[in-house]
Amino acid sequence: APSMRRKCVGKQLPVLLVNLEAEVVSRRETTTQPRFMRLTARFYVRGGIFTSVSAEHSKKGWKPRAPLDLAQFEPQSALR
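In this report, the structure presented in the accompanying data block is examined. (Residues numbered from 1 in each chain as written. Predicted model: local features only at pLDDT ≥ 70, side-chain atom pairs only at ≥ 80, totals over all residues. Heavy atoms only, no water.)

1. Remarks on a nonpolar patch on the surface
Point 1. Where nonpolar side chains cluster on the molecular surface, the patch consists of L68, L70 and F73 and spans about 360 Å² of accessible area.
Point 2. Taking the relative accessible area as the measure of exposure, L70 reaches 60% and is therefore exposed. (Patch = residues over 30% accessible without salt bridge, like charges linked within 9 Å, V, L, I, M, F, W, Y side chains within 5 Å. Areas by Shrake-Rupley, 256 points an atom, 1.4 Å probe, with all protein chains shown as cover. Salt bridge = Lys/Arg side-chain N within 4 Å of Asp/Glu carboxyl O. Buried < 20%, exposed > 50% of the residue type's maximum accessible area, 1.4 Å probe, protein only.)

2. Details of the pairing of strand β1 (residues 36-44)
Point 1. Across nine bridges, β1 lies against strand β2 (residues 50-58) in antiparallel orientation. Paired with A41 across the two strands is V53, which belongs to β2.
Point 2. In this structure, the hairpin formed by β1 and β2 is closed by a connection of five residues, where G47 is found at a positive phi of approximately 80°. (Pairing = 2+ DSSP bridges. Helix = DSSP H or I, 4+ residues; strand = E, 2+ residues; numbered from the N terminus.)

3. Topic: the pattern of salt bridges
Point 1. Per the counting criterion, the structure on display carries two salt bridges.
Point 2. One salt bridge connects R27 with E23, and the closest N-O pair in it is separated by 2.6 Å. With R27 and E23 both in helix α1 (residues 12-32) and four residues apart, this pair spans about one turn of that helix.
Point 3. On the basis of relative accessibility, which here comes to 44%, the residue R27 falls in the partly exposed class.
Point 4. Note on E23: relative accessible area 31%, which makes it partly exposed.
Point 5. The salt bridge involving R38 is made with E56; its shortest N-O contact spans 2.7 Å. Taken as a pair, R38 in strand β1 and E56 in strand β2 lie far apart in primary sequence, 18 residues in all. Each member of the pair, R38 as well as E56, carries the same accessibility label: exposed.

4. Quick word on the environment of V25
Point 1. Inspection of the secondary structure puts V25 in helix α1.
Point 2. Ignoring sequence-local partners within four residues, the contact set of V25 consists of M37, L39, A55 and H57. (Contact = heavy atoms within 4.5 Å.)

Here you go:
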């Protein structure tokens, strides 16, 4: 999209990255219509500076299942 190709410098960069991630989440949500989606993006730019951005989407009324406690299962070897 042409709007994502804007040139930015300095303090504008984090805003652009947040907007970019919001656009990705919006497009995927529209296309796939998931119950829940979480996107985490790490942007590495020059000079060792990086920015991490997270975005979530969930359908209205959606509740996550209880976490599965894997400690209740006996450990097994990956080799047979």
